[in-house]
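Structural overview for review
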Amino acid sequence: MTVPVSPVVATYRLQMRSDGMTFDDALALLPYLDDLGVSHLYLSPVLTAVTGSTHGYDVTDPTAVSAELGGPEGFSRLSAAARARGMGLVVDIVPNHVGVEQPEQNPWWWDVLTHGRASRFAHFFDIDWDLDPDGRIVLPVLGSDSDVDDLAVDGDVLRLGDRTWPIRPGTGAGTAAEVYARQAYRLTGWQSGSCGYRRFFSITSLAAVRQEDLDVFDASHAEIARWFRNGLVDGLRVDHIDGLTDPAGYLVRLRELAGDDAWIVAEKILAADEPLDPSLPIAGTTGYDVLREIGGLFVDPDGAAALTELARETHSDARELKIKAATETLASELARLCRAITRAAGDDDPALPAAVAQLLSHAGVYRTDYPVLAATLPEAINQTLSTAPELASALQLVVTAIEQPEPAARLQQLCGATTAKAIEDTLFYRDARLVSLNEVGGTPERFGMSTAEFHQRAVARARDWPATLVTLSTHDTKRGEDVRARITVLSQRAEHWAQRVGRWNTVCVPPDEGTGLFLWQNIIGVWPTAGDVDDAVRARLHSYAEKAIREAELHTDWEQPDREFEDAVHDWIDALIDGPIAAEITTFVGQLDEAARCDAVAQKLLALTVPGIPDIYQGTELFDDSLVDPDNRRPVDFALRQRELDTLNHPKIRVVAAALRSRRERPATYLSGDYTPVAADGPAADHVIAFQRGTDVLVVVPRWTLKLNESDCAETTLALPAGDWTDRLTGRTWSGTVAANTLFAELPGVLLEKADG
C-alpha cells in the first residue's frame, strides 16, 4: 500500500551517473535515507545527456529520461518505491542550455546543422545568423582554422578525426572542401573569439535554448509535464534561471505546468544585499544565500586585520575583472549585444563595447531586471558616467536601446555571464585572505556575519521564504562544508597562521606567494589529521591545484597553459608532502581539527533547523573532505554511513539523524513556525547562537570554540523558556537557566524539544 507522500521537509541530493548512481542504485538507498529521516530524494539532472556524462547538465535530448540511468522504467520504479515509503522525488532540470559537444547525440542541434535556417528546430536556439556573411552558423570547435583542410567525406557526414558534422541531403558530391562549402555551418578555431550561438557563459559545448518561445518551452518540457501528470515527482530545482531571456516569465509557465502544489526552487545567486523578487512563483533559491549566512557566523572578525595584511598582494579589482571578462572571454556575446544596440538605437559609436563593459562592471547583481531591483540599473548608469564621463555618448545609445526587448535581454544575459566568469571563476581563485569565504554567492570582502544580522535574516526568511532551500554543500561549491569549516578556524589563529605560512614558505618556497597562500589554505582544509597523505589525496591536491591556478588566470589558464609554472606548482606540492615540513603541517592541523569538527557539526545543526528546507548533499552526513567538482562527485561509501547510522557514534550523523527525525515529527514547527532569537548571558555570550522554532524547539550551538575560555563558558548561561526541554541528541532534560558548558558537554550543540510540545 502506498503511504501518502509528506510535504518536502528535508532533501538528500544524489549525483546521478551511469557508473555508480543509477535509478536502481538510488532505489537501493531508500531504506537508509528513510531511516536517516529524509522526506525527498533530490536528483541531479536525469534527462538524456552526453554519453558518459558524470553530472547531467549537458542534456542532449530533453524529451527522454536517460537510458544510461535506467530510462523511464527505472525512473518510475524509483518513484513508486519512494512513494511506498511516504517519500518523494525532486529533480534538477536544465532549461537554459543543451549539450552540443557531440552534435550527433543531440537530435535538435544535428537537424539545425543539417538544414540551417530551414530546420524545424532553428528557432529553438539563439543563433546569430548575421555573424557569417553567408548566413552560416559559426562553430568555434577546431584547434585552428586550418583544420578544415583535413575534413573528409564519410558517407553522410564530414569527419575530422573522431568528430563528425552532418551533410545536408543532396550536397554530398565532390571533394571535402566542395561539400563543406555547401553546408549550413562554418567551422572555426576555438580561440577565434567568434561564436555563432549564445552559450552557457563561455562554454562552447553548451548551446542556449530559447525558452521564451512557447513552442520551445512545450517541446523541452513535455517529459517534465509527464512526470507531474503521472505523479512521479513532487518538485523541481531549476538550474541557472538568470541565463534565460525572461526568467520571471519562464517560472510562471513552469508553475502552470507543475501545478500549485509542486515545490520549485531556482538557482538564483543573490548578492549579500539583494532580495529575491517576491513576485516569482517559486519557494525560494537553491540555498547559496543561507550557506553564506551560516558560514559567516563561524568567521572570527578578530582575524580580519592579520589575514588581510597577509593576503594584501592577492587582492584583485572586481570591476577590472568584469571588464576583462566582458571584452575578452565573452567578446562574442558583447559584439552581438552591441550590434543589437546599434540596430535598436539607429546609431553607432566606437566606444559602445567599452561603455557596455563599464556599465556591467558597476552592476553588483547577476541581472537587474527583476522588479525588486528597479533602481539597480539606473544607479549603475550613474556610476559609469561618474567614473567614465567620456563614455556618455555611447552610454546614451545603451539607454535608448534597452527600451526594446532584444538588447534589453542580451544586456541582462551578458551581465550574469560577466559576473560569474569574473567573480566566481576568477576572483574567487585569486583572493587568498580566507578562502572559505570564496564561495558561490559569497562576499569575501565581508569578513563574517554578526549574530544580530544572522538572526534578522533568519526572521525575514521565515516570514517571506519559509520553504527556500538551505544547503552547505552542492555540486558547485568550491569546497565542501567541512573543508570550509577547518579553513574558517584559521580566522581564530590568524597571527599564528601568518607565522606558520611565513616559515613554511622559506623551507618549501612556492612558485608564487599569492598562489601559495591560496593553495596552502586548501591543503590545510583536506590534510589528514594523522598526516598520512596517500596517493589518492596527493592526486586530488594536484588536480585541484591545476584547476585553481588556471581559473585564476594569473600565471596560466585553460587556453594557453604555462607548463613551466604548472610544473613548478606540482613540484612544490610534492615537496611539501614529502619534505620536512609535512610533520609541522600535521601538527598544525591537529591544533585546528577539534574546533573545525565542532564548527562542522554546529553549522550542520543550524542548516537543519533554521527556516527553510535543508538539503544534505550526498555523503555529508559524515565528515567530508571534498574540494571543487569533479572531486565532490566521487563515489560515496553508503555502507559505512549505514553502519554509522545504526550506531550513532559519529557526531555528525548523530546530529543529522536527530534533526531530520525531529523535522519529520514536527513539520509544522519547522515549515511554518516562527524564528525567535534567544540571547545568552555572560562573558562568552558572543560564542553562543540560540533560537527558538515555533513554541516547541530550541537550538543552541557554540562558535569560535578554539578561543573559547572554559571558565567563561561555565559562567555563560541561557534562560530556557518555561517548561521542560529534552535534548533530542543526548536525551538529557533541562529547565530554567542552564550554563553553556553544560549544554555543550557532549556535543557542539543541542536540539531541545519541549516535553509537552
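Computed from a prediction, not measured in an experiment: that's the story for all the values here. (Residues numbered from 1 in each chain as written. Predicted model: local features only at pLDDT ≥ 70, side-chain atom pairs only at ≥ 80, totals over all residues. Heavy atoms only, no water.)

Looking only at helices and strands, the chain has 27 helices and 27 strands in total. Principal-axis analysis of the C-alpha atoms gives the chain an extent of 85 × 70 × 50 Å. Counting every position in the chain, which comprises 757 residues, the buried fraction comes to 60%. Here the analysis covers contacts within the chain between residues at least 6 apart in sequence; of these, 74% occur between residues at least 24 apart. Accessible area for the chain stands at about 27700 Å²; split by element, carbon and sulfur atoms hold 50% of it. Of the side-chain charges in the chain, 69 are positive and 114 negative, and the distance between the mean point of each set is 3 Å. (Helix = DSSP H or I, 4+ residues; strand = E, 2+ residues; numbered from the N terminus. Buried < 20%, exposed > 50% of the residue type's maximum accessible area, 1.4 Å probe, protein only. Contact = heavy atoms within 4.5 Å. Areas by Shrake-Rupley, 256 points an atom, 1.4 Å probe, with all protein chains shown as cover. Lys, Arg positive; Asp, Glu negative; His and termini not counted. Charge placed at Lys NZ, Arg CZ, Asp CG, Glu CD.)

Within the open sheet, the three strands sit side by side as β8-β9-β10. Their pairing is antiparallel. Edge positions in the sheet fall to β8 (152-154) and β10 (163-166), since each has one partner strand and no second. Direction aside, the axes of adjacent strands within the sheet are offset by 35° on average. Summarising the sheet, β8 and strand β9 (residues 157-160) pair through three bridges and their orientation is antiparallel. When the sheet's bridge partners are listed, Ala 152 is paired in β9 with Arg 159. Of the strands in this sheet, β9 and β10 are in contact with helix α3 (residues 107-115), which crosses β10 at around 60°. (Pairing = 2+ DSSP bridges. Axes fitted to C-alpha atoms, helices over the stretch in contact; angles between N-to-C directions.)

In this section: the packing of helix α23 (residues 638-647) against helix α24 (residues 651-665). Orientation of α23 relative to α24, taken along the N-to-C sense of each, is 70°, at an axis distance of 9 Å. Taken as axis vectors, α23 and α24 run roughly perpendicular relative to one another. Together, Arg 641, Glu 644 and Leu 645 of α23 and Ile 653, Ala 657 and Arg 661 of α24 make up the contact between the two elements. Taken together, the residues of the contact of α23 with α24 sort by class into three nonpolar, no polar and three charged. (Parallel < 35°, antiparallel > 145°, perpendicular 65-115°, else oblique. Nonpolar A, V, L, I, M, F, W, Y, C, P; charged D, E, K, R; others polar.)

So, about a negative patch on the surface. On the surface, Asp 562, Glu 564, Asp 567 and Asp 571 cluster together into a negatively charged patch. As for its placement among the helices and strands, Asp 562 is situated in the loop between α20 (535-552) and α21 (563-578). (Patch = residues over 30% accessible without salt bridge, like charges linked within 9 Å, V, L, I, M, F, W, Y side chains within 5 Å. Salt bridge = Lys/Arg side-chain N within 4 Å of Asp/Glu carboxyl O.)

A word on the layout of surface pockets. Within this model, the second largest pocket holds a volume of roughly 910 Å³. Looking at the second largest pocket, it is lined by 42 residues, and the ones nearest its centre are Ala 318, Ile 423, Gly 442, Thr 443 and Glu 445. Every element with two or more residues in the lining of the second largest pocket is listed here: α10 (318-329), α13 (376-387) and α15 (405-424). The biggest single contributor to the lining of the second largest pocket is α13, with four residues. Among the residues forming the lining of the second largest pocket, the class breakdown is 16 nonpolar, 13 polar and 13 charged. (1 Å grid on protein atoms, 1.4 Å probe; cavity = no way out; pocket = protein on both sides within 12 Å on 5 of 7 lines; lining within 4 Å. Points joined across faces, edges and corners; volume = space filled by probe spheres on them.)

Let's shift gears to the environment of Ala 722. Here Ala 722 shows up in the loop between β23 (717-719) and β24 (725-727). A relative accessible area of 62% places Ala 722 in the exposed class. As a C-alpha pair, Ala 722 and Tyr 197 span 525 residues in sequence and 64 Å in three-dimensional space.

Turning our eyes to something else, we now look at the sheet that holds strand β6 (residues 97-99). Taken in spatial order, the three strands of this open sheet run β6-β13-β12, and their pairing is antiparallel. Edge positions in the sheet fall to β6 and β12 (199-200), since each has one partner strand and no second. Two elements, β12 and strand β13 (residues 203-208), share two bridges in a ladder whose sense is antiparallel. Within the sheet, the bridge partner assigned to Phe 200 lies in β13 and is Ile 203.

For the structure on display, the rule yields zero disulfides. As a non-bridged cysteine, Cys 195 has Cys 338 as the owner of its nearest cysteine sulfur, 16 Å distant. (Disulfide = S-S within 2.5 Å.)

With that settled, the discussion passes to the side chain of Arg 663. You can see Arg 663 is positioned in helix α24. Although Arg 663 is buried, it forms no salt bridge, and the closest oppositely charged side chain is Glu 753 at an N-O distance of 11 Å. Within polar-contact distance, the side chain of Arg 663 engages the backbone oxygen of Val 9 at 3.0 Å. Look past the residues within four positions of Arg 663 in its chain and what remains in contact with it is Val 9, Ala 10, Leu 608, Thr 609, Val 610, Gly 612, Ile 613, Pro 614, Tyr 670 and Leu 671. (Polar contact = N/O pair within 3.5 Å; in protein donor to acceptor, adjacent residues only side chain to side chain.)

Our next topic: the pattern of salt bridges. Scanning the model with the defined rule gives 64 salt bridges in all. The residue Asp 625 makes a salt bridge to Arg 634 at a minimum N-O spacing of 3.2 Å. Under the relative-accessibility criterion, Arg 634 is labelled partly exposed at 30%. Each of the salt bridges in this network shares a partner with another, and the network as a whole consists of Asp 126, Asp 128, Arg 198, Arg 336, Arg 339, Arg 343, Glu 406 and Arg 410.

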